[in-house]
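Descriptive structure summary
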Amino acid sequence: MEKVSKVKIVVLSDNFTSTIIPPLIGEWGFSAFIKADDVGILYDVGNSGLPVLHNAELLGIDLKKDVDYIILSHGHSDHTGGLGNEKLREKLRGKVVIAHPSIFEKKFLNWRSRLEYIGLPLSRDEMEREFKLVLTREPLEFTKGVMFAGEVKNYGFPRYTSGLFKAEGEQIVPDNLLDDVPLYINTDKGLIIITGCGHSGILNIIRHAREVTKEERIYAVLGGFHLLSSPKEHVDEVLKDLESTAEKIGPAHCSGFQVRMSSKYIDMGVGKTLEV
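Summary of the structure given here. Nothing here was measured: the structure is a model prediction, and the numbers come from that model. (Residues numbered from 1 in each chain as written. Predicted model: local features only at pLDDT ≥ 70, side-chain atom pairs only at ≥ 80, totals over all residues. Heavy atoms only, no water.)

Observations regarding the layout of surface pockets
As a reminder, the rule being used: Here the term cavity refers to a set of points on a 1 Å grid, laid over the protein atoms alone, in which a 1.4 Å probe fits but cannot get out; the term pocket refers to an open set having protein on both sides within 12 Å along at least five of seven lines, with lining residues being those that place an atom within 4 Å of a point. Grid points are joined across faces, edges and corners, and a volume is the space filled by probe spheres set on the points. Each helix corresponds to a stretch of at least 4 residues labelled H or I by DSSP, and each strand to a stretch of at least 2 residues labelled E; elements are numbered beginning at the N terminus. Residues were grouped as follows: Ala, Val, Leu, Ile, Met, Phe, Trp, Tyr, Cys and Pro as nonpolar; Asp, Glu, Lys and Arg as charged; and all remaining residues, including Gly, as polar.
Of the volumes computed, that of the largest pocket is approximately 540 Å³. The wall of the largest pocket is formed by 20 residues, among which Trp 28, Leu 109, Leu 164, His 226 and Leu 228 lie closest to the centre. Only helix H3 (77–80) and strand E6 (107–111) provide two or more residues apiece to the lining of the largest pocket. Its residues assigned to classes, the lining of the largest pocket shows nine nonpolar, ten polar and one charged.

Let's talk about the environment of Arg 137
Applied cut-off: Classification of residues uses two cut-offs on accessible area relative to the type maximum, computed with a 1.4 Å probe and protein chains only: under 20% is buried, over 50% is exposed, and between them is partly exposed. In this description, contact between two residues means that some pair of their heavy atoms is separated by no more than 4.5 Å.
Following the sequence through the fold, Arg 137 ends up in the loop between strand E8 (132–135) and strand E9 (140–143). Relative accessible area serves as the criterion here: at 45%, Arg 137 is assigned to the partly exposed category. For the pair Arg 137 and His 100, spaced 37 residues apart in sequence, the C-alpha to C-alpha distance is 5.5 Å. Once you skip the residues sitting within four places of it in the chain, Arg 137 turns out to touch His 100, Pro 101, Ser 102, Gly 150 and Glu 151.

Quick look at the sheet that holds strand E11 (residues 164–168)
As a reminder of what qualifies: Think of it this way: DSSP has to see at least two bridges between two strands before they count as a pair. Axis angles are defined between N-to-C directions and span 0 to 180 degrees, where every axis is a line fitted to C-alpha atoms and, for a helix, only to the segment in contact.
A sheet is described by the order of its strands in space; here four strands give the open sequence E7-E6-E11-E12, paired in antiparallel fashion. Whereas interior strands pair on both sides, the edge strands pair on one side only; in this sheet they are strand E7 (114–117) and strand E12 (171–174). For this sheet, the mean inter-axis angle between neighbouring strands, taken without regard to orientation, is 40°. Note: E6 against E7, four bridges, orientation antiparallel. Bridged to Asn 110 within E7 is Leu 115.

Brief notes about the packing of helix H6 (residues 202–213) against helix H7 (residues 232–245)
Where we set the bar: Orientation labels follow simple angle bins: below 35 degrees gives roughly parallel, above 145 gives roughly antiparallel, 65 to 115 gives roughly perpendicular, and whatever is left gives oblique.
The geometry of H6 relative to H7 is characterised by a closest axis approach of 10 Å and an angle of 30° between their N-to-C directions. Considered as vectors, H6 and H7 are oriented roughly parallel to each other. Contact residues: H6 offers Ile 202, Leu 203, Ile 206, Arg 207 and Arg 210, while H7 offers Val 238, Asp 241, Leu 242 and Thr 245. In terms of residue class, the contact of H6 with H7 is made up of five nonpolar, one polar and three charged.

Brief notes about the sheet that holds strand E4 (residues 69–71)
Pairing within the open sheet is mixed, and its seven strands lie in the order E8-E5-E4-E3-E2-E1-E17. At either margin of the open sheet sits one strand with a lone partner, and together these are E8 and strand E17 (273–275). Each neighbouring strand pair of the sheet contributes to a mean axis angle of 20°, computed without reference to strand direction. Relative to E17, strand E1 (residues 7–13) runs antiparallel, the two being bridged by three bridges. Bridge assignment links Val 10 to a residue of E17, and that residue is Thr 273. The strands that helix H1 (residues 50–58) touches are E1 and strand E2 (31–36); relative to E1, the one it contacts most, it runs at about 130°.

A few points about the packing of aromatic side chains
Quick reminder of the rule: Any two of the Phe, Tyr and Trp rings considered here, Trp counted by its six-membered ring, make a pair once their centres fall within 6.5 Å; the pair's planes then place it as stacked at under 30 degrees, edge-to-face at over 60, or tilted in between.
Tallied over the entire structure, the rule returns three aromatic pairs. Ring geometry for Phe 108 against Tyr 117: centres 5.6 Å apart, planes inclined by 75°, an arrangement best described as edge-to-face. Using a relative accessible area of 17% as the deciding quantity, one classes Phe 108 as buried. The exposure class assigned to Tyr 117 is partly exposed, which follows from its relative accessible area of 43%.

Rendered as C-alpha coordinates:
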(Lines give C-alpha, C1' and ligand atoms only; values in the text may rest on other atoms or scores of the structure.)
Protein backbone atom coordinates (compact mmCIF):
# COMPACT_ATOMS: atom_id res chain seq x y z
CA MET A 1 0.00 0.00 0.00
CA GLU A 2 1.30 3.45 -0.88
CA LYS A 3 1.62 6.29 1.63
CA VAL A 4 0.08 9.73 1.75
CA SER A 5 2.52 12.60 2.25
CA LYS A 6 0.08 14.76 4.18
CA VAL A 7 -3.30 14.14 5.79
CA LYS A 8 -5.77 16.33 7.66
CA ILE A 9 -8.89 14.95 9.36
CA VAL A 10 -11.65 17.30 10.54
CA VAL A 11 -14.70 16.05 12.47
CA LEU A 12 -17.86 17.61 10.99
CA SER A 13 -20.52 15.72 12.95
CA ASP A 14 -20.43 13.90 16.26
CA ASN A 15 -22.43 13.59 19.48
CA PHE A 16 -20.25 16.26 21.09
CA THR A 17 -18.87 19.61 19.99
CA SER A 18 -15.34 20.50 21.03
CA THR A 19 -14.96 24.17 20.16
CA ILE A 20 -16.20 27.50 21.52
CA ILE A 21 -15.30 29.49 18.41
CA PRO A 22 -16.68 29.06 15.83
CA PRO A 23 -20.10 27.99 17.22
CA LEU A 24 -20.40 24.47 15.79
CA ILE A 25 -23.27 22.02 16.28
CA GLY A 26 -23.52 18.26 16.82
CA GLU A 27 -26.01 15.40 16.83
CA TRP A 28 -26.00 11.64 17.39
CA GLY A 29 -23.99 10.33 14.45
CA PHE A 30 -20.67 10.85 12.74
CA SER A 31 -19.01 12.52 9.75
CA ALA A 32 -15.42 13.52 9.04
CA PHE A 33 -13.73 15.37 6.19
CA ILE A 34 -10.32 14.02 5.21
CA LYS A 35 -7.77 15.71 3.00
CA ALA A 36 -5.23 13.12 1.87
CA ASP A 37 -2.63 15.01 -0.15
CA ASP A 38 -4.87 16.73 -2.74
CA VAL A 39 -7.85 14.34 -2.47
CA GLY A 40 -10.96 15.22 -0.42
CA ILE A 41 -12.93 12.45 1.26
CA LEU A 42 -16.18 12.70 3.22
CA TYR A 43 -16.44 9.71 5.57
CA ASP A 44 -20.13 9.40 6.48
CA VAL A 45 -22.68 12.22 6.29
CA GLY A 46 -24.17 12.26 9.79
CA ASN A 47 -27.78 11.76 10.88
CA SER A 48 -29.64 14.77 9.50
CA GLY A 49 -26.88 16.42 7.51
CA LEU A 50 -27.47 19.70 9.34
CA PRO A 51 -24.21 19.69 11.32
CA VAL A 52 -22.26 18.71 8.20
CA LEU A 53 -23.66 21.67 6.26
CA HIS A 54 -23.36 24.18 9.11
CA ASN A 55 -19.94 23.13 10.37
CA ALA A 56 -18.33 22.72 6.95
CA GLU A 57 -19.28 26.29 6.07
CA LEU A 58 -17.86 27.72 9.31
CA LEU A 59 -14.70 25.64 9.00
CA GLY A 60 -14.06 26.75 5.42
CA ILE A 61 -14.76 23.41 3.75
CA ASP A 62 -16.57 23.70 0.41
CA LEU A 63 -18.43 20.40 0.15
CA LYS A 64 -19.18 20.87 -3.55
CA LYS A 65 -15.59 21.66 -4.56
CA ASP A 66 -13.47 19.97 -1.88
CA VAL A 67 -15.06 16.49 -1.75
CA ASP A 68 -13.93 13.94 -4.35
CA TYR A 69 -15.17 10.75 -2.65
CA ILE A 70 -17.91 9.87 -0.18
CA ILE A 71 -17.34 6.76 1.94
CA LEU A 72 -20.29 5.26 3.83
CA SER A 73 -19.12 3.23 6.83
CA HIS A 74 -22.35 1.20 7.03
CA GLY A 75 -26.08 1.45 6.38
CA HIS A 76 -27.34 2.97 9.63
CA SER A 77 -29.12 6.30 9.44
CA ASP A 78 -26.88 8.10 11.95
CA HIS A 79 -24.12 7.77 9.34
CA THR A 80 -26.11 7.92 6.10
CA GLY A 81 -29.17 10.00 7.05
CA GLY A 82 -27.56 13.16 5.73
CA LEU A 83 -28.21 11.85 2.22
CA GLY A 84 -31.89 12.47 2.89
CA ASN A 85 -31.13 16.18 3.28
CA GLU A 86 -31.73 17.80 -0.12
CA LYS A 87 -29.41 20.75 0.61
CA LEU A 88 -26.54 18.43 1.46
CA ARG A 89 -27.34 16.08 -1.40
CA GLU A 90 -27.27 18.98 -3.86
CA LYS A 91 -23.70 19.80 -2.82
CA LEU A 92 -22.61 16.16 -3.12
CA ARG A 93 -24.56 15.09 -6.21
CA GLY A 94 -22.53 13.35 -8.90
CA LYS A 95 -19.64 12.36 -6.65
CA VAL A 96 -18.20 8.85 -6.24
CA VAL A 97 -19.77 6.95 -3.32
CA ILE A 98 -18.00 3.82 -2.06
CA ALA A 99 -19.78 1.35 0.23
CA HIS A 100 -20.36 -2.32 0.99
CA PRO A 101 -23.19 -3.95 -1.05
CA SER A 102 -25.16 -4.78 2.12
CA ILE A 103 -25.60 -1.08 2.87
CA PHE A 104 -29.01 -1.26 1.17
CA GLU A 105 -30.41 -3.90 3.51
CA LYS A 106 -33.48 -2.80 5.49
CA LYS A 107 -32.02 -2.27 8.95
CA PHE A 108 -33.75 -2.03 12.33
CA LEU A 109 -32.96 -1.25 15.96
CA ASN A 110 -34.75 -2.72 18.96
CA TRP A 111 -35.43 0.61 20.66
CA ARG A 112 -37.42 0.50 23.89
CA SER A 113 -38.97 -2.85 22.91
CA ARG A 114 -39.99 -1.60 19.46
CA LEU A 115 -38.38 -2.25 16.10
CA GLU A 116 -37.43 1.10 14.57
CA TYR A 117 -36.18 1.49 11.00
CA ILE A 118 -32.62 2.90 10.92
CA GLY A 119 -31.60 2.20 7.33
CA LEU A 120 -30.37 4.28 4.42
CA PRO A 121 -32.82 7.06 3.43
CA LEU A 122 -32.36 6.44 -0.32
CA SER A 123 -32.94 3.31 -2.40
CA ARG A 124 -30.22 1.80 -4.57
CA ASP A 125 -31.93 3.16 -7.69
CA GLU A 126 -32.00 6.66 -6.19
CA MET A 127 -28.35 6.41 -5.19
CA GLU A 128 -27.33 5.29 -8.67
CA ARG A 129 -29.22 8.20 -10.24
CA GLU A 130 -27.61 10.79 -7.96
CA PHE A 131 -24.07 9.43 -7.48
CA LYS A 132 -21.36 7.31 -9.08
CA LEU A 133 -21.85 4.24 -6.92
CA VAL A 134 -19.07 1.72 -6.21
CA LEU A 135 -20.04 -1.31 -4.12
CA THR A 136 -17.43 -3.79 -2.96
CA ARG A 137 -16.79 -6.33 -0.20
CA GLU A 138 -13.06 -6.25 -0.91
CA PRO A 139 -10.35 -3.83 0.25
CA LEU A 140 -9.96 -1.00 -2.25
CA GLU A 141 -7.13 1.53 -2.32
CA PHE A 142 -9.22 4.10 -4.16
CA THR A 143 -6.61 6.84 -4.00
CA LYS A 144 -2.92 6.76 -3.08
CA GLY A 145 -2.47 5.67 0.54
CA VAL A 146 -6.19 5.51 1.42
CA MET A 147 -8.02 2.19 1.59
CA PHE A 148 -11.70 1.34 1.87
CA ALA A 149 -11.24 -1.65 4.17
CA GLY A 150 -13.90 -3.94 2.75
CA GLU A 151 -15.48 -6.64 4.88
CA VAL A 152 -13.72 -7.03 8.22
CA LYS A 153 -13.33 -10.66 9.23
CA ASN A 154 -13.22 -11.91 12.80
CA TYR A 155 -9.94 -12.41 14.62
CA GLY A 156 -11.37 -13.80 17.83
CA PHE A 157 -12.65 -10.53 19.30
CA PRO A 158 -16.28 -9.46 19.84
CA ARG A 159 -18.43 -7.69 17.27
CA TYR A 160 -20.96 -5.17 18.60
CA THR A 161 -24.35 -5.89 17.06
CA SER A 162 -26.70 -6.45 20.00
CA GLY A 163 -30.23 -5.17 19.34
CA LEU A 164 -29.61 -4.72 15.62
CA PHE A 165 -31.66 -6.50 12.98
CA LYS A 166 -32.30 -6.61 9.23
CA ALA A 167 -35.04 -7.80 6.91
CA GLU A 168 -34.22 -11.05 5.13
CA GLY A 169 -36.98 -12.30 2.86
CA GLU A 170 -40.11 -12.38 4.97
CA GLN A 171 -38.18 -12.49 8.26
CA ILE A 172 -36.44 -10.10 10.62
CA VAL A 173 -33.09 -11.61 11.62
CA PRO A 174 -30.05 -10.44 13.64
CA ASP A 175 -27.74 -8.19 11.65
CA ASN A 176 -24.04 -9.05 11.83
CA LEU A 177 -23.24 -5.70 10.15
CA LEU A 178 -20.95 -7.10 7.49
CA ASP A 179 -21.30 -3.70 5.81
CA ASP A 180 -19.38 -2.05 8.68
CA VAL A 181 -16.29 -0.72 6.86
CA PRO A 182 -13.44 1.38 8.32
CA LEU A 183 -10.98 3.53 6.41
CA TYR A 184 -7.22 2.93 6.50
CA ILE A 185 -4.79 5.76 5.75
CA ASN A 186 -1.10 4.93 5.44
CA THR A 187 1.33 7.63 6.62
CA ASP A 188 5.02 7.84 7.46
CA LYS A 189 4.03 7.50 11.12
CA GLY A 190 1.93 4.39 10.54
CA LEU A 191 -1.73 3.69 9.85
CA ILE A 192 -4.60 5.96 10.76
CA ILE A 193 -7.75 3.91 11.24
CA ILE A 194 -11.10 5.70 11.08
CA THR A 195 -14.30 3.92 12.05
CA GLY A 196 -17.95 4.98 11.85
CA CYS A 197 -19.40 2.81 14.61
CA GLY A 198 -16.88 0.00 14.82
CA HIS A 199 -19.56 -2.71 14.88
CA SER A 200 -16.91 -5.12 13.56
CA GLY A 201 -15.01 -4.66 16.81
CA ILE A 202 -12.09 -2.26 17.02
CA LEU A 203 -9.66 -5.07 17.90
CA ASN A 204 -10.76 -7.10 14.86
CA ILE A 205 -10.40 -3.94 12.76
CA ILE A 206 -6.81 -3.36 13.87
CA ARG A 207 -5.82 -6.94 12.96
CA HIS A 208 -7.59 -6.61 9.63
CA ALA A 209 -5.86 -3.31 8.89
CA ARG A 210 -2.45 -4.85 9.45
CA GLU A 211 -3.28 -7.84 7.29
CA VAL A 212 -4.62 -6.01 4.23
CA THR A 213 -2.22 -3.02 4.28
CA LYS A 214 0.91 -4.98 5.26
CA GLU A 215 1.71 -2.14 7.71
CA GLU A 216 2.22 -3.14 11.34
CA ARG A 217 2.49 0.33 12.89
CA ILE A 218 -0.74 1.98 14.07
CA TYR A 219 -0.42 5.72 14.56
CA ALA A 220 -4.02 6.60 15.45
CA VAL A 221 -7.41 4.94 15.90
CA LEU A 222 -10.32 7.38 15.55
CA GLY A 223 -14.13 7.34 15.44
CA GLY A 224 -16.89 5.19 16.90
CA PHE A 225 -15.83 2.09 18.87
CA HIS A 226 -19.37 1.07 19.98
CA LEU A 227 -18.34 0.45 23.58
CA LEU A 228 -20.97 2.68 25.20
CA SER A 229 -22.96 -0.27 26.60
CA SER A 230 -20.03 -2.56 27.34
CA PRO A 231 -19.13 -3.49 30.94
CA LYS A 232 -16.11 -1.77 32.45
CA GLU A 233 -14.10 -5.00 32.48
CA HIS A 234 -14.45 -5.38 28.73
CA VAL A 235 -13.67 -1.72 28.03
CA ASP A 236 -10.55 -2.03 30.19
CA GLU A 237 -9.41 -5.04 28.14
CA VAL A 238 -9.99 -3.21 24.85
CA LEU A 239 -8.24 -0.08 26.12
CA LYS A 240 -5.21 -2.08 27.29
CA ASP A 241 -4.92 -3.58 23.81
CA LEU A 242 -5.36 -0.19 22.12
CA GLU A 243 -2.77 1.49 24.34
CA SER A 244 -0.22 -1.19 23.47
CA THR A 245 -0.97 -0.76 19.77
CA ALA A 246 -1.71 2.87 18.83
CA GLU A 247 0.07 6.14 19.58
CA LYS A 248 -3.18 8.13 19.65
CA ILE A 249 -6.72 7.04 20.58
CA GLY A 250 -9.58 9.28 19.48
CA PRO A 251 -12.90 7.66 20.47
CA ALA A 252 -16.02 9.45 19.23
CA HIS A 253 -19.76 8.98 18.70
CA CYS A 254 -20.83 5.62 20.23
CA SER A 255 -17.57 4.87 22.06
CA GLY A 256 -18.80 5.73 25.56
CA PHE A 257 -16.85 7.64 28.20
CA GLN A 258 -14.82 4.83 29.80
CA VAL A 259 -12.54 4.40 26.78
CA ARG A 260 -11.61 8.08 27.02
CA MET A 261 -9.74 7.35 30.26
CA SER A 262 -6.40 6.88 28.53
CA SER A 263 -3.08 8.72 28.53
CA LYS A 264 -3.21 8.41 24.73
CA TYR A 265 -6.67 9.94 24.42
CA ILE A 266 -7.22 12.77 21.95
CA ASP A 267 -10.48 14.68 21.61
CA MET A 268 -12.21 14.01 18.27
CA GLY A 269 -15.47 15.88 18.84
CA VAL A 270 -16.96 18.28 16.30
CA GLY A 271 -14.39 20.77 15.06
CA LYS A 272 -11.32 18.83 16.20
CA THR A 273 -8.54 18.20 13.69
CA LEU A 274 -5.74 15.66 13.37
CA GLU A 275 -2.90 16.46 10.99
CA VAL A 276 0.06 14.30 9.99
